Amino acid sequence: MSEHHHGPAKGLMRWVLTTNHKDIGSLYLWFSFAMFLLGGAMAMVIRAELFQPGLQIVQPEFFNQMTTMHGLIMVFGAVMPAFVGLANWMIPMMIGAPDMALPRMNNWSFWILPFAFALLVSTLFMEGGGPNFGWTFYAPLSTDYGPPSTTFFIFAVHMMGISSIMGAINVIATILNLRAPGMTLMKMPLFVWTWLVTAYLLIAVMPVLAGAVTMMLMDIHFGTSFFNAGGGGDPVLFQHVFWFFGHPEVYIMILPAFGIVSAIIPAFARKPLFGYTSMVYAVASIAFLSFIVWAHHMFTVGIPLVGEVFFMYATMLIAVPTGVKVFNWVATMFKGSLTFETPMLFAVAFVVLFTIGGFSGLMLSIAPADFQYHDTYFVVAHFHYVLVPGAIFAIFAGVYYWLPKWTGHMYDTALSKVHFWMSFIGMNLTFFPMHFVGLAGMPRRIPDYNMQFADFNMISSVGGFMFGVTQLLFLFIVIKCVRTGDKAEAKPWEGAHGLEWMVPSPAPYHTFSTPPEVK
Amino acid sequence: MANDGEGTYYVPAQSKWPIVAAIGLFLTVTGMGMMMNSMTAGEDDPTGHYVLFAGGLMMAWMLFGWFGNVIEESRKGLYSDQMDRSFRWGMGWFIFSEVMFFSAFFGALFFVRYFGVPWLGGEGEKAATGMLWPGFTAEWPLMKNPDPESFKGPTGTIDPWTLPFINTLLLVTSSITCTKSHHALRDNNRDSSRNWLFVTLLLGFVFLGVQGYEYYHAYHELGLTLASGIYGSTFFMLTGFHGAHVTLGAIMLTVMFIRIIKGHFTPTNHFGFEAACWYWHFVDVVWIGLFLFVYIL
């Protein structure tokens, strides 16, 4: 056993061959940040083109590839791996486990991703260009009319799916099997709970996505007619299969964020979470509902009236458990001894701005109203409000919250606040005006627009550039914190709770070789 | 350390197999993609074959090496009961992911049968769909496609009570013999376990042979192909993926057969064997679903 207790190996091969949950967590996080910058660069191309009406910078064909790749890279390359990285780092520490349950498979889950994204990004340089049909790759745009590189896009998605499924299996096995004695399910930190549910969602829906892209592959190369009405199939079938994956997928990208925020708000309000049990049940309810609401993405495609009504009401029901969560966070802060360190700033912004995204979601859930909003910038505003100040702000919050634990240093407080305020202002400038242009009818995914939308689009672009540049500051802050900074205590946050704060900062390479006792 | 002091928790040292697996997987799918693209473009570019071959070799090397490591560690007694439970959770959730993969194709089948095809025939509230091909009549199995020029329909379908029924009997029997083999292993009766597993494998391979013959018959005598419209698409994708999974299960069981002969298993420690059995029962259950929804109904 002694040979497994030494520190990390040296050099590059440490990272390639590692079975250590902290190494793999760091790999995930750095990879995710690289993808965040790449996907962000594509967003900058989009915003530059939309700075003014008319076609200025890129061709419409390339614009389509940018919107498609931006979405795919941000969803599968930035947000999901970031949460997996946080899970790798934190779950074993939070439940008192020595490592993840299946450490070698953990390494494989990660190392598939760089290859998958190399394959995906390489399509941009292939003849006919990269995927240009939107991140939702609706048939027949992606089958009959897609570029030849679609084949490689499909296989890249397969690889991402394999990675996600194995990562999720690992998380579930770790949580169910490796908890320290006394760590009952209802004592687990909410981040662990939300990841348990997220992992379940991943295992349930990533294979369905694999099915969807496999049907595409067969339609393209082997003459099947899943999505071709001429052979008795139906393009609408694609949308059903895709969104059966796609809707749980959006909760995959937000549930771990709920967990992070549920750790941070009590820490800086210096009060226990208002209602732990109700939070757990709310997460489970949201996960259940996520399976029965998918067709609200398809209200305008032509589904039977009974379907419209069912999916409309089922979607509205999601507001109930989500409301439970938001009220819980607010009630936790109520009469608390609040301080606003950077993690808390991001967490509070999360609560406010995610709620805005939730409300626009409620508007979109109303089928007759959705006929008006569908495929406009209102939808773009909605999902960016839940993803940017939702998922991504929560990731920032989590990174600032746990950076002292990871690196043993405090980050640069002043710069981190600049990062927060610039991100906060930049993202609101970018996405808030999109509500207005969307309600006024500006369609999404089009490189040109009517003159009447010019002012708001210019504001959006300025905000977008501001948000984009700010993230380079974040990179600087993190690198600075890794290399130097004030020494962090084992528990740098006075109000923080949890096993991760019982170990020194930086956390030793192998955390718990003997399980801690949880009372 | 393990949960309740039941031994040492085994954290494996560095391993080269995951990165070999990642590169192997990358080459495999890239090679397949290149082959498909050159096939559809009508080109004769063999590069994809080489890439796929290299990927396949790497994957095979990885599987032998990685599983070899696990077997070695298990036989050295490095794994605690807790580790064993992790493997069980892992295999169980992996099978659940496979269930969801099949669900996508079953879902597609139900959708086209109960919504897509009837709508094309002018039924329901979406009557406008029916105006696309005015002469089209909805039926199932769909023998005449809406656009028969592009998708020539089949002349017949497979009668469930002939070969598919025999296959059902084969696979259900093989599930029983598999369990027999497991029980024999638990009773420390290695010879009996080996023999029952041999019967299981035999039944599995006969199943695959019958399935192959059925496909030949469908392609050459019934005009029932992947390209014969949605009936052929769902039929071949569902039964084909099932066949692929039977093949995978048979490979797993073959490995277990060799490991029984080598005496790797004890009555209490044989999760590798059990996992392969779980998988085998899973493909059996999927077949029952196929027999019911693809062949009979």
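From a predicted model like this one, the values you see are computed outputs, not experimental measurements.

K.L.:
For this particular structure, what's the right way to read the overall build of chain B?
P.N.:
Looking only at helices and strands, chain B has eight helices and zero strands in total. Overall, the C-alpha framework of chain B stretches about 70 × 45 × 35 Å when taken along its three principal axes. Out of the 297 residues belonging to chain B, those deemed buried represent 39%. Expressed as a percentage of contacts within chain B between residues at least 6 apart in sequence, the contacts between residues at least 24 apart total 69%.

K.L.:
Is there a simple way to think about the overall build of chain A in this case?
P.N.:
When its secondary structure is counted, chain A shows 16 helices and zero strands. In terms of overall dimensions, chain A is globule-like: its C-alpha atoms have a radius of gyration of 22 Å, near the 24 Å expected for 519 residues. When the backbone C-alpha atoms are referred to their principal axes, chain A occupies close to 65 × 50 × 45 Å. Looking at chain A as a whole, 61% of its 519 residues are labelled buried. Look at the contacts in chain A between residues 6 or more apart in sequence, and 83% of them connect residues 24 or more apart.

K.L.:
Where do I start with the UniProt feature "domain: Cytochrome oxidase subunit I profile" (unreviewed entry) in chain A in this structure?
P.N.:
The residues that UniProt annotates with the feature "domain: Cytochrome oxidase subunit I profile" (unreviewed entry) are residues 15–519 of chain A. Structurally, residues 15–519 of chain A is divided into 68% helix and 0% strand, and its ends, taken at the C-alpha atoms, are 36 Å apart.

K.L.:
When you look at the interface of chain B and chain A in this model, what are you seeing that I'm missing?
P.N.:
Accessible area lost when the parts come together is the quantity often used to give the size of an interface. Listed as interface residues are 65 residues of chain B and, on the opposing side, 64 residues of chain A. Secondary structure elements with two or more residues in the side of chain B that touches chain A: helix 1 (17–40), helix 3 (81–120) and helix 7 (230–261) of chain B. It is helix 3 of chain B that contributes the most residues to the side of chain B that touches chain A, 22 residues altogether. By residue class, the composition of the side of chain B that touches chain A is 38 nonpolar, 20 polar and seven charged.

K.L.:
What's the story with helix 11 (residues 319–333) of chain A in this structure? I'm lost.
P.N.:
Along an α-helix, residues three or four positions apart point the same way, because every turn accommodates 3.6 residues. Residue and element names in this part refer to chain A. The first and last C-alpha atoms of helix 11 sit 21 Å apart over 15 residues, in line with the 21 Å expected at 1.5 Å per residue. All of the buried residues in helix 11 are Thr-322, Lys-325, Asn-328, Trp-329 and Thr-332. An end-on view of helix 11 places all buried positions within 115 degrees of arc, on one side of the element. At its buried positions, helix 11 is contacted by helix 8 (255–269), helix 9 (276–290) and helix 12 (342–365).

K.L.:
It is not clear to me how the packing of helix 2 (residues 21–49) of chain A against helix 16 (residues 454–483) of chain A should be interpreted in this structure. Could you clarify?
P.N.:
Helix-helix packing is described using two parameters, namely the angle between the two axes and the distance between the axes. Residues and elements named next belong to chain A. Packing of helix 2 against helix 16 leaves a shortest axis separation of 10 Å and a crossing angle of 160 degrees. The pairing of helix 2 with helix 16 is recorded here as roughly antiparallel in orientation. Here helix 2 and helix 16 pass one another in a crossing that is left-handed. Across the interface between the two elements, Phe-33, Phe-36, Leu-37, Gly-40, Ala-43, Met-44, Arg-47 and Ala-48 of helix 2 pack against Ser-460, Ser-461, Gly-464, Phe-465, Gly-468, Gln-471 and Leu-475 of helix 16. When grouped by side-chain class, the residues that make up the contact of helix 2 with helix 16 number eight nonpolar, six polar and one charged.

K.L.:
Please explain the packing of helix 6 (residues 190–221) of chain A against helix 9 of chain A as it appears in this structure.
P.N.:
Residues and elements named next belong to chain A. Contact geometry for helix 6 and helix 9: axes closest at 10 Å, N-to-C directions at 15 degrees. Compared by their axis directions, helix 6 and helix 9 come out roughly parallel. Of the two elements, helix 6 crosses helix 9, and the hand of that crossing is right-handed. Contacts between helix 6 and helix 9 pair Leu-190, Trp-193, Thr-194, Val-197, Tyr-200 and Leu-201 from the former with Met-279, Val-280, Val-283, Ala-284, Ala-287 and Ser-290 from the latter. In terms of residue class, the contact of helix 6 with helix 9 is made up of 10 nonpolar, two polar and no charged.

K.L.:
Please explain the domain arrangement of chain B as it appears in this structure.
P.N.:
Domain annotation of chain B identifies domain 1 (1–79) and domain 2 (80–296). Measuring from the centre of the C-alpha atoms in domain 1 of chain B to the corresponding centre in domain 2 of chain B gives 25 Å.

K.L.:
I'm lost on the nonpolar core in this one. Help?
P.N.:
Counting 253 residues, the largest nonpolar core has Val-79, Ala-212, Val-261, Ile-264, Phe-350 and Ala-397 of chain A as its most contacted members. Take this core: its biggest share by element is 24 residues, from helix 6 of chain A. Counting only domains with at least three residues in this core, you end up with domain 1 (1–79) and domain 2 (80–296) of chain B. Residues within four places of Val-261 of chain A in sequence aside, it is in contact with Trp-329, Ala-347, Phe-350, Val-351, Ala-394 and Ala-397 of chain A.

K.L.:
What is the right way to look at the UniProt feature "transmembrane region" (unreviewed entry) in chain B in this model?
P.N.:
Those places that UniProt annotates as "transmembrane region" (unreviewed entry) correspond, in this numbering, to residues 17–38, 50–71, 91–112, 196–216, 236–258 and 278–296 of chain B. As annotated, residues 236–258 of chain B has a helix share of 100% and a strand share of 0%, and its two end C-alpha atoms lie 32 Å apart.

K.L.:
In this structure, what is going on with unusual backbone geometry? I would like to understand it.
P.N.:
Backbone phi values are negative for most residues with the exception of glycine, while trans is the configuration of most peptide bonds. Ala-139 of chain A connects to Pro-140 of chain A through a cis peptide bond whose omega is 5 degrees. Looking at the element boundaries, Pro-140 of chain A is found in the loop between helix 4 (103–122) and helix 5 (150–177). Here Trp-140 of chain B and Pro-141 of chain B are connected by a cis peptide whose omega angle stands at 0 degrees. Examined against the element boundaries, Pro-141 of chain B turns out to sit in the loop between helix 4 (127–130) and helix 5 (163–186). Despite not being glycine, Lys-335 of chain A has its phi angle at roughly 60 degrees, a positive value. Of the residues examined, Lys-335 of chain A has 9 C-beta atoms within 10 Å and is grouped as exposed. Backbone geometry places Asp-375 of chain A, a non-glycine residue, at a positive phi of 60 degrees.

K.L.:
I keep staring at helix 9 of chain A and nothing clicks. Help me out?
P.N.:
Residue and element names in this part refer to chain A. Helix length check: helix 9 (15 residues) gives 21 Å between terminal C-alpha atoms against 21 Å at 1.5 Å per residue, within 8%. Met-279, Ala-282, Val-283, Ile-286, Ala-287, Leu-289 and Ser-290 are the residues of helix 9 that are buried. Burial along helix 9 is one-sided: seen end-on, the buried residues are contained in an arc of 165 degrees. What points out from helix 9, more than 90 degrees from its buried face, is the exposed set Thr-277 and Phe-288. Against the buried residues of helix 9 lie helix 6, helix 7 (235–252), helix 8, helix 10 (305–317) and helix 11.

K.L.:
I'm lost on the environment of Ser-164 of chain A in this one. Help?
P.N.:
All names here are of chain A. In this fold, Ser-164 is placed in helix 5. Separated by 21 residues in the primary sequence, Ser-164 and Leu-185 place their C-alpha atoms 23 Å from one another. Beyond its immediate chain neighbours, meaning those up to four positions away, Ser-164 contacts Met-80, Leu-202 and Met-206.

K.L.:
How should I be thinking about the environment of Phe-420 of chain A in this particular structure?
P.N.:
One can find Phe-420 of chain A in helix 15 (residues 413–439). In contact with Phe-420 of chain A, not counting residues within four places along its chain, are Thr-342, Leu-345 and Phe-346 of chain A.

K.L.:
Would you mind going over the confidence of the model for chain B with me for this structure?
P.N.:
Close inspection of predicted coordinates is inappropriate for parts of the model with low pLDDT. Residues and elements named next belong to chain B. For chain B, the average pLDDT comes to 93, and 96% of its residues sit at 70 or higher. Confidence drops under a pLDDT of 50 for residues 1–7, and excluding neighbours within four residues, the segment shows 18 contacts in the predicted structure. With pTM at 0.96, the complex prediction returns an ipTM value of 0.95.

K.L.:
I would appreciate a short explanation of the environment of Leu-238 of chain B in the present structure.
P.N.:
Residue and element names in this part refer to chain B. Within the secondary structure layout, Leu-238 lies in helix 7. Overall, the presence of 20 C-beta atoms within 10 Å leaves Leu-238 in the buried class. Leu-238 sits 23 residues away from Ile-261 along the chain, and the two C-alpha atoms are 34 Å apart.

Cut-offs used in this document
Residues numbered from 1 in each chain as written. Chains lettered and ligands numbered in written order. Predicted model: local features only at pLDDT ≥ 70, side-chain atom pairs only at ≥ 80, totals over all residues. Helix = DSSP H or I, 4+ residues; strand = E, 2+ residues; numbered from the N terminus. Buried ≥ 20, exposed ≤ 12 C-beta atoms within 10 Å, placed from the backbone. Contact = placed C-beta atoms within 7 Å. Rg over C-alpha atoms; globule rule 2.2 N^0.38 Å. UniProt positions renumbered as here; feature names shortened; annotations may be inferred. Nonpolar A, V, L, I, M, F, W, Y, C, P; charged D, E, K, R; others polar. Expected span 1.5 Å × (residues − 1). Arc of directions from axis to C-beta. Axes fitted to C-alpha atoms, helices over the stretch in contact; angles between N-to-C directions. Parallel < 35°, antiparallel > 145°, perpendicular 65-115°, else oblique. Left-handed = near helix turned anticlockwise from the far one by under 90°. Domains from an automatic or database assignment. Core = buried A, V, L, I, M, F, W, Y, C linked by C-beta atoms within 7 Å. pLDDT = per-residue confidence, 0-100.

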